[in-house]
Amino acid sequence: MSQIVQIAIEQMNTQLERIESNVNRLSEEEVWSRLAPDMNSVANLCIHLAGSEYQYFVSGLGNRPFIRERSQEFDRVGGYSKSELLEQLHAVRREPIQVLNELTDEDLQREVKIYFNPEDWKRMMGIDAEYSEPCVIRSVQSHLVYIAEHTGYHAGQIVLINKLLLKRSAEY
């Protein structure tokens, strides 16, 4: 395993532990609570992280079917318990590790297209999806760094939401 892959996996696992710790502090109701109508709940962010990791690593790099509906990750207002959310995150994490462990140093430089649902792409980019291929093209290494950063970004949001919901200092 290359050093960058090992570092990214370690960082993503650290963030997953942080997410799990914060989810476990919340009640079943609080995990779905939105601090404002236009904000996401902790549960929405967990579902989103699982979807992103699957899309980029399992589907994009591992050539498995693309099964993500990104906009629905943010529209949900219930449906999963805390334990189901955490199991989903852990299950998705196991799949990318298998894909990432098989990468060679040469693979890290290879460019890969990560496809999106055209409607999600249009919302994300604010552009007419008919005139733009709904994908991101980056090297495998860039995708790896992006998802590690993306996980840390949303883990920070989960910590903040936890603090605001519980009005006390959440563990970092």
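On a predicted model such as this, the values are computed, not experimentally measured, just so you know. (Residues numbered from 1 in each chain as written. Predicted model: local features only at pLDDT ≥ 70, side-chain atom pairs only at ≥ 80, totals over all residues. Heavy atoms only, no water.)

*Asks:* Residue-level account of the packing of aromatic side chains, with values.
*Replies:* Applying the stated criterion across every chain yields a total of 3 aromatic pairs. An angle of 40° between the planes, with centres 5.5 Å apart, marks the rings of Phe-116 and Trp-121 as tilted. Counting every residue linked through ring pairs, the aromatic cluster contains Tyr-56, Phe-116, Trp-121 and Tyr-146. The ring of Tyr-146 has Arg-138 sitting right over it, with the charged end atom 4.5 Å from the ring centre. (Phe/Tyr/Trp six-rings, centres within 6.5 Å; stacked < 30°, edge-to-face > 60°. Lys NZ or Arg CZ within 6 Å of the ring centre and 35° of its normal.)

*Asks:* Please set out the nonpolar core residue by residue, giving values where relevant.
*Replies:* If you look at the biggest cluster of nonpolar residues, it comprises 23 residues, and the most contacted ones within it are Ile-19, Val-23, Val-31, Val-42, Cys-46, Leu-89 and Ile-158. For this core, the secondary-structure elements that each account for two or more residues are helix H1 (3-25), helix H2 (42-61), helix H4 (82-101) and helix H7 (140-166). Of the residues forming this core, the biggest block, 9 residues, is contributed by H2. (Core = buried A, V, L, I, M, F, W, Y, C linked by side-chain atoms within 4.5 Å. Buried < 20%, exposed > 50% of the residue type's maximum accessible area, 1.4 Å probe, protein only. Helix = DSSP H or I, 4+ residues; strand = E, 2+ residues; numbered from the N terminus.)

*Asks:* Lay out helix H6 (residues 118-125) with the relevant residues and their values.
*Replies:* An α-helix turns once per 3.6 residues; consequently, residues spaced three or four apart project the same way. Among the residues of H6, the N-terminal cap falls to Asn-117, whose side-chain oxygen and the backbone nitrogen of Glu-119 are separated by 2.7 Å. One or two positions beyond H6, positive phi appears at Gly-126, with a value near 65°. (Polar contact = N/O pair within 3.5 Å; in protein donor to acceptor, adjacent residues only side chain to side chain.)

*Asks:* Report on the environment of Glu-149, specifying residues and quantitative values.
*Replies:* For Glu-149, the location among the structural elements is in helix H7. On a C-alpha basis, the gap between Glu-149 and Gln-11 in space is 8.8 Å, while along the polypeptide they are 138 residues apart.

*Asks:* Can you tell me about the environment of Glu-119, naming the residues and giving the values?
*Replies:* Tracing the chain through its elements places Glu-119 in helix H6. When the C-alpha atoms of Glu-119 and Ser-71 are compared, they prove to be 8.6 Å apart, with 48 residues separating the residues in sequence.

*Asks:* Describe the pattern of salt bridges, listing the residues and the values that go with them.
*Replies:* Summed over the entire model, instances satisfying the criterion amount to 7 salt bridges. Its salt-bridge partner being Glu-95, residue Arg-64 comes within 3.2 Å of it at the nearest N-O pair. With Arg-64 in the loop between H2 and helix H3 (70-75) and Glu-95 in helix H4, this pair connects stretches of sequence that are 31 residues apart. Look at Arg-64 and you get partly exposed, because its relative accessible area is 35%. Put simply, Arg-68 and Glu-73 hold a salt bridge, and the shortest N to O gap is 2.7 Å. On the accessibility criterion, Arg-68 (7% relative accessible area) is buried. (Salt bridge = Lys/Arg side-chain N within 4 Å of Asp/Glu carboxyl O.)

*Asks:* Lay out the environment of Ile-114 with the relevant residues and their values.
*Replies:* Take Ile-114: it is sitting in strand E1 (residues 111-115). For Ile-114, a relative accessible area of 0% translates into the label buried. For the pair Ile-114 and Gln-55, spaced 59 residues apart in the sequence, the C-alpha separation amounts to 7.4 Å.

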